[in-house]
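# Results of the structural survey
Chain by chain, the residues:
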Amino acid sequence: MRWILAILWGLLLAFAIWGLAVGLMLATPQELAVLMGFAGFMLLASRLVWGYSALLDFVGALHRGEEPDRSVAEAAVRAPQTETLPATALAGFWLAALEPYRYTFFAVYSLLLLIVLALKLSVPLLSAWDWLTGPNLVEGVFWGASVAALIVWALSAASAARLLELNARGTAANA
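Quick caveat, the model's predicted, so the values are computed rather than measured.

## Topic: the overall build of the protein
Across its full length, the protein holds seven helices and zero strands. Along the protein, helices (α) and strands (β) appear in the sequence α-α-α-α-α-α-α when read from the amino end. Across the 175 residues in the protein, those meeting the buried criterion constitute 29%. At a minimum sequence separation of 6, the contacts of the protein that also span at least 24 residues come to 72%. Looking at the protein as shown, the accessible area adds up to about 11,400 Å², and 74% of this sits on carbon and sulfur atoms.

## A few points about helix α5 (residues 87-121)
For α5, which comprises 35 residues, the first-to-last C-alpha distance of 50 Å matches the rise-based estimate of 51 Å (1.5 Å per residue) to within 8%. Of all the bends in α5, the largest measures some 30° and sits at Glu99, one to four residues before the proline Pro100.

## Considerations on the packing of aromatic side chains
Within this structure, the stated rule accounts for six aromatic pairs. Where Phe41 meets Tyr109, the ring centres are 6.4 Å apart and the plane angle is 85°; that geometry is what we call edge-to-face. On the criterion of sequence distance, the pair formed by Phe41 in helix α2 (residues 29-44) and Tyr109 in helix α5 is long-range, its members being 68 residues apart. Ring geometry for Phe58 against Trp94: centres 5.7 Å apart, planes inclined by 70°, an arrangement best described as edge-to-face. Remark: Trp94 occurs in helix α5 and Phe58 occurs in helix α3 (residues 46-63); sequence separation between them is 36 residues. Every member of this aromatic cluster is reached through a ring pair, and the members are Phe41, Phe105, Phe106, Tyr109, Phe142 and Trp143.

## Side note on a nonpolar patch on the surface
Together, Met1, Trp3, Ile4, Leu5, Ile7, Leu8, Trp9, Leu11, Leu12, Phe15 and Trp18 line one region of the surface with nonpolar side chains, adding up to about 1,300 Å² of accessible area. As for its placement among the helices and strands, Leu11 is situated in helix α1 (residues 2-26).

## A word on the nonpolar core
Core analysis: the biggest nonpolar cluster contains 31 residues, and Phe41, Phe58, Trp94 and Phe105 have the highest contact counts within it. Looking at this core, the elements that each hand over two or more residues are α3, α4 (70-77), α5 and α7 (135-174). Among the elements that line this core, the one with the most residues is α5, at eleven residues. Filtering out sequence-adjacent residues up to four positions away, Phe41 remains in contact with Phe105, Val108, Tyr109, Leu112, Ala145 and Ala148.

What counts and how
Residues numbered from 1 in each chain as written. Predicted model: local features only at pLDDT ≥ 70, side-chain atom pairs only at ≥ 80, totals over all residues. Heavy atoms only, no water. Helix = DSSP H or I, 4+ residues; strand = E, 2+ residues; numbered from the N terminus. Buried < 20%, exposed > 50% of the residue type's maximum accessible area, 1.4 Å probe, protein only. Contact = heavy atoms within 4.5 Å. Areas by Shrake-Rupley, 256 points an atom, 1.4 Å probe, with all protein chains shown as cover. Expected span 1.5 Å × (residues − 1). Bend = angle between axes of the 7 residues up to and from the residue. Phe/Tyr/Trp six-rings, centres within 6.5 Å; stacked < 30°, edge-to-face > 60°. Patch = residues over 30% accessible without salt bridge, like charges linked within 9 Å, V, L, I, M, F, W, Y side chains within 5 Å. Salt bridge = Lys/Arg side-chain N within 4 Å of Asp/Glu carboxyl O. Core = buried A, V, L, I, M, F, W, Y, C linked by side-chain atoms within 4.5 Å.

The structure is reproduced here in structure tokens:
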């Protein structure tokens, strides 16, 4: 039975590789630019995506009344005496520790937006640049980066909302 599953997984992997190769061969340069923009900005946002996901797990465990693993949160906060903090305060510090990375990500994204707008508004002036790259390729990178920015924004908003809900529940219980 195991060898049948191994053959099926091998066939599935072969079909996936074949489909990816055919898709990349048939893709237009603009579609490839979208994929490259998405991949590049997801690489830039990897610390944020993993950090917000782990923070959501941490806060989710607190919502369920369980004791979460504090070692990951203490490593993310990198502050002295974090073992004496309550878990909700540690989660708040963890959210604050991710803010510089989020600001950097959105600053680079805003810079890309300004480049795209400059190319859209000054096309006659940049005919040599159009000949080399084409504004559609830069715009494709922008749209790929927009998907990554939407993912980062959604994770940061969800983390902040869950933490706020946890704090509101804690203050209501204390009152």
